[in-house]
Amino acid sequence: MLDLDLVVLHMEAETSNEIIQNLGALMLSKGYVKDSYIEAVLERERNLPTGLPIGDFCVAIPHTDSGHVNQSNIAITTLKKPSVFHSMVNPEEELNVEVVFLLAVKDPNLQIQLLKNLMSVFQNKELLIKVRDAGSKEEISELLSCLDQ
């Protein structure tokens, strides 16, 4: 499921919105999502933020409902410098996110399995650090091969 064209190493972005727009544009250019996808993700992020603290390491999993998706996929970026996302647990809390997983899920039934697979990744801080520090898209794909299940 991991399309290497949707993996961005060391993205430079000033805001979480910019990250979502950049990754969403990649998905849109490949036809994975509809024109409405990026704005729908941004709107959802404003109301239901997706920052997730994992100890002193933070990730974000922005997404939206399946109506904006043509084909399931995940866009992933490691950030050159952390970007602020709000916590899904406490929306008032700002988190310095280092890795972003932008999700596009066509079949809502598959979303549960994908989230389980992501949670297994998120429970492994060493793996996340390897993803953050990866030197190539291929390395990230190998590290996250569990997401293809």
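Definitions and cut-offs
- Residues numbered from 1 in each chain as written.
- Predicted model: local features only at pLDDT ≥ 70, side-chain atom pairs only at ≥ 80, totals over all residues.
- Heavy atoms only, no water.
- Helix = DSSP H or I, 4+ residues; strand = E, 2+ residues; numbered from the N terminus.
- Buried < 20%, exposed > 50% of the residue type's maximum accessible area, 1.4 Å probe, protein only.
- Salt bridge = Lys/Arg side-chain N within 4 Å of Asp/Glu carboxyl O.
- Pairing = 2+ DSSP bridges.
- Axes fitted to C-alpha atoms, helices over the stretch in contact; angles between N-to-C directions.
- Contact = heavy atoms within 4.5 Å.

- The name an unreviewed UniProt entry assigns to the protein chain is PTS sugar transporter subunit IIA, from the organism Pelosinus baikalensis.

### Things to note about the overall build of the protein chain
Part 1 of the argument: In terms of helices and strands, the protein chain carries 5 helices and 5 strands.
Part 2 of the argument: Starting at the N terminus and walking to the C terminus, you meet the elements of the protein chain as β-α-α-β-β-β-β-α-α-α.
Part 3 of the argument: C-alpha extents for the protein chain along the principal axes are approximately 35 × 35 × 30 Å.
Part 4 of the argument: Expressed as a percentage of the 149 residues in the protein chain, the buried residues total 46%.

### Focus: the pattern of salt bridges
Part 1 of the argument: Summed over the entire model, instances satisfying the criterion amount to 9 salt bridges.
Part 2 of the argument: In this structure, the salt-bridge partner of Lys 30 is Asp 3, at a minimum N-O distance of 3.1 Å. Taken as a pair, Lys 30 in the loop between α1 (16-29) and α2 (37-47) and Asp 3 in the segment before β1 (7-11) lie far apart in primary sequence, 27 residues in all.
Part 3 of the argument: Owing to a relative accessible area of 38%, Lys 30 belongs among the partly exposed residues under this scheme.
Part 4 of the argument: Given the relative accessible area of 13%, Asp 3 is considered buried.
Part 5 of the argument: Through salt bridges with shared partners, a single ionic network connects Asp 3, Asp 5 and Lys 30.

### Quick notes on unusual backbone geometry
Part 1 of the argument: Although it is not a glycine, His 10 sits at a positive phi angle of roughly 55°.
Part 2 of the argument: Checked against the element boundaries, His 10 lands in strand β1.
Part 3 of the argument: Taking the relative accessible area as the measure of exposure, His 10 reaches 42% and is therefore partly exposed.

### Side note on the sheet that holds strand β5 (residues 94-104)
Part 1 of the argument: One open sheet holds the 5 strands; their spatial order is β1-β4-β5-β3-β2, and the pairing between them is mixed. Looking at strand neighbours, the two that pair on one side only are β1 and β2 (51-54), the edges of this open sheet. Averaged over neighbouring strand pairs, the angle between their axes works out to 20° when direction is ignored.
Part 2 of the argument: Set on the sheet, α1 makes contact with β1, β4 (73-86) and β5; between it and β4 the angle comes to about 165°.
Part 3 of the argument: In the packing of α2 onto the sheet, contacts are made with β2, β4 and β5, and the angle to β5 comes to roughly 140°.

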